[in-house]
Amino acid sequence: MPRGRRGGRVSALEGGPEEEAPPAAAAVPSALWASQLQPEAAAGQILLRGIFEIGRSSCDVVLSERALRWRPIQPERPAGDSKYDVLCKEEFIELKDIFSVKLKRRYSVKQQGSGTLLGITLFICLKKEQNKLKDSTLDLINLSEDHCDVWFKQFKKILAGFSNRPKSLKIILNPQSHKKEATQVYYEKVEPLLRTAGIKTDVTITEYEGHALSLLKECELQEFDGVVCVGGDGSASEIAHALLLRAQKNAGKETDRILTPVRAELPLGLIPAGSTNVLAHSLHGIPHVVTATLHIIMGHIQPVDVCTFSTTGKFLRFGFSAMFGFGGRTLALAEKHRWMSPNQRRDFAIIKALAKLKPEDCEISFLPFISSQNLQERKVEGSPKSVSNDQWQTIQGQILNVSIMAIPCLCSVAPRGLAPNTRLNNGSMALIIARNTSRPEFIKHLKRYASVKNQFNFPFVETYTVEEVKVRPRTNSAPNLEEDAGRHAAASENNFPWNVDGDLVEVASEVHVKLHPRLINLYGGSMEEMNDSEVNCNCL
């Protein structure tokens, strides 16, 4: 029987000649499989049983309803032989971690037809440290066509039973993201995995700002199971907004005034290919392309809260986070220097905004978040459920920055998140207010985001957990950001800059931000669940 090897992916996918693996790569790392599966997971009705070579050892392989388990076949040894017990340790993989199966064949230059059958290759999603996912392979070597055909068909039947996994995806790729690397990221890292999983794709490369929005308004999406964004925060936010806007129109709702929006019809996948990737980082816990792709392939769904932004009763857009004051002015400055690289543009804008740091005279009203437990206690006490004006709280004064976050907003410069206590779908937003203070103290506050220290432990910083926020500037016009800003500044002199998911939104009056729980499904796993799944072996 030919020697099995892990990583026989080229021959399984492309039909190329099989190469002899070095001895170090031949053995299956036992601890990795066994550490992820509890013994009870191997229970269930036995579907198939047979002999395959796995990692250069002939094994007794059993396929049950929930797991594949195998044990090396060894000659009889004296009872109590500890070395024998280690060699015969049973190993497992859960069927839910398999995302594709292919027949493994060896091809030669002279050979015609389908090549020589070697066995079956399973493509597996493994949980690694720090929320990371990794794709791997397991080869089941057996030369019998009939034997492998039976097992191959059974695996295909099992995989077809995972109805939550997408079979067809609409891909929207922003070629301008970051250093124009999004196209390379997709075709080198994402597309091969989607092809291995047998997922059909339709790729649209955006050509201008707003292209994704106009595309998703009109294109037919019935044939797709989901939409995938390959780009940064701007692209991700634009596509999420477009999907939600499309859902409102399909539901017959007016889009000028959206009070109770309906949920998006299709889930959205996020491939981090931008300069910040805040949304993807918050979703996956790590800005890792393969992890994001595997979450999509495996059909992991995470419902996420979304905010509506409106002004004077008119709907502006959907979004996940916003900043007003310093955060808005910094983005406005950065947008005027698009010719710089993303990092240079960001650093320049921060330094210039700090040099001209000044507060805004604001009135901030907010509705505190009432958890379901507190709501139940109020019902017992006889308090009404409906929102009344006396529940709203108001803050007035000189404000340097206002942050409103429905997600944690993790990024490279804030690894714990801009709002570390916020979750993706707990029905609340973080309202963070930085009142007027000296420039050195405000800089200390900003530097804390990059450290493990509490960035809110300053007397001028206030944090609240809220459901709705209204921000009303009390000055007549926004300050001119640059003295030589010219015509652009003149056109925007009465507008205040807001940073909404990395997009510049200029508004002249009050902005009303309201949270809507679980309004969109994103492809991603729960970070709490992934952190609970410990893997002791990192040999792959």
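Here the structure is a predicted model, which means the values were calculated and not measured. (Residues numbered from 1 in each chain as written. Predicted model: local features only at pLDDT ≥ 70, side-chain atom pairs only at ≥ 80, totals over all residues. Heavy atoms only, no water.)

Draft legend 1. Region of interest: helix 8 (residues 233-250). Helix length check: helix 8 (18 residues) gives 26 Å between terminal C-alpha atoms against 26 Å at 1.5 Å per residue, within 8%. Counting buried positions along helix 8 yields 15 of 18 residues, so the element is predominantly enclosed. Phi turns positive one or two residues past the end of helix 8, at Gly252, with a value near 80 degrees. (Helix = DSSP H or I, 4+ residues; strand = E, 2+ residues; numbered from the N terminus. Expected span 1.5 Å × (residues − 1). Buried < 20%, exposed > 50% of the residue type's maximum accessible area, 1.4 Å probe, protein only.)

Draft legend 2. Spatial organisation of the pattern of salt bridges. Inspection of every chain in the model, using the stated rule, returns 17 salt bridges. When the shortest N-O distance is used, the salt bridge between Lys96 and Asp97 registers 3.6 Å. Here Glu145 and Arg105 are joined by a salt bridge, their closest N and O atoms 3.7 Å apart. Of this pair, Glu145 sits in helix 5 (residues 145-160) while Arg105 sits in strand 5 (residues 98-106), placing them 40 residues apart in sequence. Taking relative accessible area as the criterion, Arg105 reaches 13% and is therefore assigned buried. Several salt bridges share partner residues, and in doing so they unite Arg69, Arg71 and Glu90 into one network. (Salt bridge = Lys/Arg side-chain N within 4 Å of Asp/Glu carboxyl O.)

Draft legend 3. Local environment of the nonpolar core. Counting residues in each nonpolar core, the largest one holds 58 residues, and the members touching the most others are Ile239, Leu268, Leu270 and Ile520. With seven residues, the single largest contributor to this core is helix 8. In terms of domain composition, this core takes at least three residues from each of domain 2 (168-299) and domain 3 (314-374 + 391-475 + 495-518). (Core = buried A, V, L, I, M, F, W, Y, C linked by side-chain atoms within 4.5 Å. Domains from an automatic or database assignment.)

Draft legend 4. Just the pairing of strand 13 (residues 314-319), in detail. Bridge analysis of strand 12 (residues 301-311) against strand 13 gives five bridges, and the strand direction is antiparallel. Its bridge partner being in strand 13, Thr308 is matched across the sheet by Phe318. Linking strand 12 back to strand 13 in an antiparallel pair, the connection comprises two residues, with Thr312 at a positive phi of about 45 degrees. (Pairing = 2+ DSSP bridges.)

Draft legend 5. A look at the confidence of the model for the protein. Taken residue by residue, the protein gives an average pLDDT of 83. The fraction at 70 or more is 79%. Below a pLDDT of 50 lies the segment residues 1-42, which in the model reaches 112 contacts outside its immediate sequence neighbourhood of four places, other chains included. Below a pLDDT of 50 lies the segment residues 483-491, which in the model reaches six contacts outside its immediate sequence neighbourhood of four places, other chains included. (pLDDT = per-residue confidence, 0-100. Contact = heavy atoms within 4.5 Å.)

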